[in-house]
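This is what each chain is made of:
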Amino acid sequence: MPYTCAICNKSFTFQQSYHKHLLYHSDEKPHSCNECGRAFKELSTLHNHQRIHTGEKPWACETCGQCYIGVCDMLVYACINFKWEIRNHFF
């Protein structure tokens, strides 16, 4: 692979992936929230964080309509409810 990290020897095919990886070896957090000043390494993480301030919840459960800030929150909710349904079904 053409891009190899000099710190941990992890290899990358794409330069963009390599540069993103290098951020994890530094304390640099170039993306700051205008509302609270919290800083992030990735722009996408900042965008997700800003939903706390705006109240935007773009992810919704198809079953009950419950809304979430992030897709991970929604998936955790779905997983918990799925396990609950299995537990109720088999026990």
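Criteria and cut-off values
- Position numbers for residues count from 1 along each chain, tracking the sequence in the order it is written.
- This being a predicted model, a pLDDT of at least 70 is required before a residue's local features are given, and a value of 80 or more before pairs of side-chain atoms are given or counted; all residues contribute to the totals for chains, interfaces and linings.
- Hydrogens and waters are ignored; side-chain quantities use all the structure's heavy atoms.
- Note on ring pairs: Phe, Tyr and Trp rings are taken, using the six-membered ring of Trp, and paired if centres are within 6.5 Å. Classes follow the plane angle, with under 30 degrees stacked, over 60 edge-to-face and the rest tilted.
- Secondary structure is summarised from DSSP: a helix means a run of H or I of at least four residues, a strand means a run of E of at least two, and numbering begins at the N terminus for each.
- Any carboxyl oxygen of Asp or Glu that lies within 4 Å of a side-chain nitrogen of Lys or Arg is treated as forming a salt bridge with it.
- Relative accessibility thresholds used throughout: buried, under 20% of the residue-type maximum; exposed, over 50%; partly exposed, between the two (1.4 Å probe, protein chains only).
- For patches, a residue must show more than 30% relative accessible area and have no salt bridge; joins then use 9 Å for like charges and 5 Å for nonpolar side chains, namely Val, Leu, Ile, Met, Phe, Trp and Tyr.
- Accessible areas in this description were obtained via Shrake-Rupley with a 1.4 Å probe; residue shielding takes into account the shown protein chains only.
- UniProt positions are given in the numbering used here, feature names are shortened, and annotations may be inferred rather than shown by experiment.
- Under this definition, polar contacts are N or O atom pairs within 3.5 Å; protein pairs additionally need one hydrogen-donor-capable and one acceptor-capable atom, and for neighbouring residues in sequence, both atoms have to be side-chain atoms.
- Throughout, a residue-residue contact means that at least one pair of heavy atoms, one from each residue, lies within 4.5 Å.

**Describing the packing of aromatic side chains**
Now for step 1: A full pass over the atoms with the stated rule returns 2 aromatic pairs.
Now for step 2: Ring centres 5.9 Å apart and planes at 25° place the aromatic pair tyrosine 3 and tyrosine 18 in the stacked group. Here tyrosine 3, found in strand S1 (residues 3–4), pairs with tyrosine 18, found in helix H1 (residues 15–23); they are 15 residues apart in sequence, far enough to count as distant.

**Quick word on the pattern of salt bridges**
A pair can form between side chains of opposite charge whenever their charged atoms are brought close.
Now for step 1: Evaluated as defined, the whole model comprises 2 salt bridges.
Now for step 2: When the shortest N-O distance is used, the salt bridge between lysine 20 and glutamate 42 registers 3.4 Å. Residue lysine 20 is located in helix H1, and its partner glutamate 42 is located in the loop between strand S4 (39–40) and helix H2 (43–54); the two are separated by 22 residues in the primary sequence.
Now for step 3: Where glutamate 56 meets arginine 51, a salt bridge forms, and the shortest distance between an N and an O atom there is 3.6 Å.
Now for step 4: When its relative accessible area of 42% is taken as the criterion, glutamate 56 is described as partly exposed.
Now for step 5: Residue arginine 51 is classed as buried on the basis of its relative accessible area, which comes to 17%.

**Focus: a nonpolar patch on the surface**
Now for step 1: On the surface, Trp59, Val71 and Leu75 cluster together into a nonpolar patch covering about 250 Å² of accessible area.
Now for step 2: When you line up the elements, leucine 75 lands in helix H3 (residues 71–90).

**Concerning the UniProt feature "domain: C2H2-type" (unreviewed entry) in the chain**
Now for step 1: Residues given the UniProt feature "domain: C2H2-type" (unreviewed entry) here are residues 3–30 and 31–58.
Now for step 2: As annotated, residues 3–30 has a helix share of 32% and a strand share of 14%, and its two end C-alpha atoms lie 23 Å apart.
Now for step 3: For residues 31–58, helix accounts for 43% and strand for 14%, while the C-alpha atoms at its two ends are 22 Å apart.

**Comments concerning the side chain of histidine 49**
Now for step 1: Structurally, histidine 49 is set in helix H2.
Now for step 2: Polar side-chain contacts of histidine 49 include one of 3.2 Å to the side chain of histidine 53.
Now for step 3: Not counting chain neighbours up to four residues away, the residues in contact with histidine 49 comprise Cys33, Cys36, Arg38 and Phe40.

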